Amino acid sequence: MDPISQGAIGAAAAQSGSGSEQRRKLLTVTWLGCLAGLAPDLDILIQSPTDPLLFLEFHRHFTHALVFIPFGALLVSVGTFWLARRTLSFRETYLACLLGYATHALLDACTSYGTQLFWPFSNMRIAWNNVSVVDPLFTLPLLTCVLTAAFTNKRRWALLGIVWACVYLSFGVVQMQRATSAAMELASQRGHSGARLTVKPSFGNLLLWKSIYADGDNYYVDAIRAMPEVQVCPGERIEKLSLAKHLSALDTDSQQARDLERFRWFSNDYLALFNTNAGPQVIDIRYSMVPNQVDPMWGIFIDTEAPADQHVRWDSNRNLNATKRQQFNALLAGDGCGPLWQYDG
């Protein structure tokens with residue numbers, strides 16, 4: 001999730017677990033929890049100028065694993081105790097860091113990106129899909145509670161912030177279930193099996209959801225408005241990536257072939273070939289700025305004539321231009337959407 005949310009939830013957890021409402025102690029606990037809540041994302045520093053997919057492998061990796069929480073908290077507390085020692089004992093410092101650090105991976109797992117909670121026992125990317133990576137309605141009330149707790153010396157505000165976070169995330173689960181049911185019904189009405197189906201919240205809200213399901217050789221991408229009544233905003237379809245059909249010239253022993261499998265793991269095999277101005281791109285169809293469109297936020301370019309040891313080229317496009325912003329807002333308002341019964345295939 002975004003850094004403000006991660007810092008705020010870490011601070012709220014540390015404040016809630018603090019045994020004191022003395023001003024200096026609560027302020028110290030607040031910034032310790034905030035730093036610890038941010039610390040796992042230091043894995044973004046693991047990058048390589050020659051291997052563009054290395055950051056995909058290591059973001060939300062070991063620093064986000066449940067077994068790493070006590071060690072990550074220890075590293076943060078050792079690094080910050082020289083600042084906190086006039087106010088807190090090392091035990092109190094470690095507890096604040098432990099509470100803050102423990103929130104990070106669990107909050108990340110609520111998004112759709114995927115978090116390796118069970119490393120080193122499994123490299124499965126856990127994604128509960130019940131909140132957007134950025135959602136002001138989640139973050140702003142939580143941040144308000146944290147700041148109020150810090151400056152009024154009242155821990156009950158931090159507890160209120162934790163309650164708000166839990167309620168909002170629980171509401172996200174309800175909305176996800178409503179969107180999933182609608183997406184399954186839509187697939188059925190089209191005569192599709194929808195055997196593999198994923199829904200995820202669109203950017204910044206729990207109203208509009210992106211639905212992706214597979215049928216035959218195609219992926220179908222639609223938007224679902226899950227409140228106040230469930231509505232469908234029909235979208236696009238795209239053919240699944242087929243190595244035999246789309247990349248038959250790719251040397252299966254090459255570095256690019258290995259990179260493609262790494263990207264397949266990252267994207268949970270939601271891969272397709274998308275034509276861009278720069279040429280065909282292997283894309284992760286789970287992500288687009290407009291939820292009923294295929295237009296990707298990132299992908300890789302493969303050169304079948306490149307040397308065997310050359311890596312793929314990574315490209316991302318997160319530009320929400322005026323046209324896409326208008327399309328997104330139209331979907332939020334329900335333009336082009338309607339009840340399920342209108343779509344009989």
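First things first, this report covers the structure right here in the doc. (Residues numbered from 1 in each chain as written. Predicted model: local features only at pLDDT ≥ 70, side-chain atom pairs only at ≥ 80, totals over all residues. Heavy atoms only, no water.)

Bringing the packing of helix α2 (residues 23–38) against helix α5 (residues 90–109) into the picture now. Across the interface, α2 lies against α5 with an axial gap of 7 Å and an inter-helix angle of 40 degrees. When the axes of α2 and α5 are compared, the pair comes out oblique. Remark: the crossing between α2 and α5 carries right-handed chirality. Across the interface between the two elements, Lys25, Val29, Leu32, Gly33, Ala36, Gly37 and Leu38 from α2 touch Glu92, Thr93, Ala96, Cys97, Gly100, Tyr101 and His104 from α5. For the contact of α2 with α5, the residue count by class is seven nonpolar, five polar and two charged. (Axes fitted to C-alpha atoms, helices over the stretch in contact; angles between N-to-C directions. Helix = DSSP H or I, 4+ residues; strand = E, 2+ residues; numbered from the N terminus. Parallel < 35°, antiparallel > 145°, perpendicular 65-115°, else oblique. Left-handed = near helix turned anticlockwise from the far one by under 90°. Contact = heavy atoms within 4.5 Å. Nonpolar A, V, L, I, M, F, W, Y, C, P; charged D, E, K, R; others polar.)

Any two side chains of opposite charge can pair, so long as their charged atoms come close to each other. If you walk through the whole model with that rule in mind, you get 11 salt bridges. The salt bridge involving Glu57 is made with Arg262; its shortest N-O contact spans 3.0 Å. You can see Glu57 sitting in helix α3 (residues 54–58) and its partner Arg262 sitting in helix α9 (residues 255–266), a full 205 residues away along the chain. Arg286 is paired through a salt bridge with Asp284; the nearest N and O atoms lie 2.7 Å apart. Accessibility classification places Arg286 together with Asp284 in one group, the buried group. (Salt bridge = Lys/Arg side-chain N within 4 Å of Asp/Glu carboxyl O. Buried < 20%, exposed > 50% of the residue type's maximum accessible area, 1.4 Å probe, protein only.)

Its 16 residues give α2 an end-to-end C-alpha distance of 23 Å, which sits within 8% of 22 Å, the value for a rise of 1.5 Å per residue. For α2, the complete set of buried residues consists of Leu26, Thr28, Val29, Thr30, Leu32, Gly33, Ala36 and Gly37. Elements that come into contact with the buried residues of α2 comprise α1 (3–17), α4 (69–84), α5, α6 (136–152) and α7 (155–189). (Expected span 1.5 Å × (residues − 1).)

Before going further, it helps to spend a moment on the packing of α1 against α6. As a packed pair, α1 and α6 sit with axes 9 Å apart at the nearest point and diverge in direction by 40 degrees. With respect to α6, the axis of α1 lies oblique. The hand of the α1/α6 crossing is left-handed. In contact with Ile4, Ser5, Ala8, Ile9, Ala11, Ala12 and Gln15 of α1, α6 contributes Phe138, Thr139, Leu142, Leu143, Val146, Ala149 and Ala150.

Tallied over the entire structure, the rule returns 17 aromatic pairs. Where Tyr113 meets Trp298, the ring centres are 6.4 Å apart and the plane angle is 80 degrees; that geometry is what we call edge-to-face. With Tyr113 in the loop between α5 and α6 and Trp298 in strand β7 (residues 298–301), this residue pair connects regions lying 185 residues apart in the sequence. What makes Tyr113 buried here is its relative accessible area of 13%. Seen in terms of ring centroids, Tyr219 and Tyr270 are 5.4 Å apart; in terms of plane orientation they differ by 45 degrees. Their pairing is tilted. Of this pair, Tyr219 sits in strand β3 (residues 218–225) while Tyr270 sits in the loop between α9 and β5 (271–276), placing them 51 residues apart in sequence. (Phe/Tyr/Trp six-rings, centres within 6.5 Å; stacked < 30°, edge-to-face > 60°.)

Attention shifts here to the state of the cysteines. Among covalent bonds in proteins, the disulfide is the one between the sulfur atoms of two cysteines. Under the defined criterion, the tally for this structure stands at one disulfide. The disulfide bridge from Cys233 ends at Cys337, spanning 1.9 Å between sulfur atoms. Taking the sign of the S-S torsion, about 100 degrees here, the bridge from Cys233 to Cys337 comes out right-handed. Note that Cys233 is positioned in strand β4 (residues 231–239) and Cys337 in the segment after α10 (322–333), a separation of 104 residues in sequence. For the pair formed by Cys233 and Cys337, the shared burial category is buried. Cys110 carries a free sulfur, and the closest cysteine sulfur to it, the one in Cys166, is 9.3 Å from it. (Disulfide = S-S within 2.5 Å.)

The four strands lie next to each other as β1-β2-β3-β4, forming an open sheet whose pairing is antiparallel. Each edge of the open sheet is held by one strand with a lone partner, namely β1 (196–201) and β4. Averaged over neighbouring strand pairs, the angle between their axes works out to 20 degrees when direction is ignored. Sheet strands touched by α10: β2 (208–215), β3 and β4. Its angle to β3, the strand with the most contacts, is close to 60 degrees. (Pairing = 2+ DSSP bridges.)

Moving on, we get to the pairing of β5. Across six bridges, the pairing between β5 and strand β6 (residues 279–284) is antiparallel. Across the sheet, residue Ala272 finds its bridge partner in β6, namely Ile283. Between β5 and β6, which pair antiparallel and follow one another directly, the connecting turn spans two residues.

Fair warning: the whole summary comes from geometry, so function is off the table for now.
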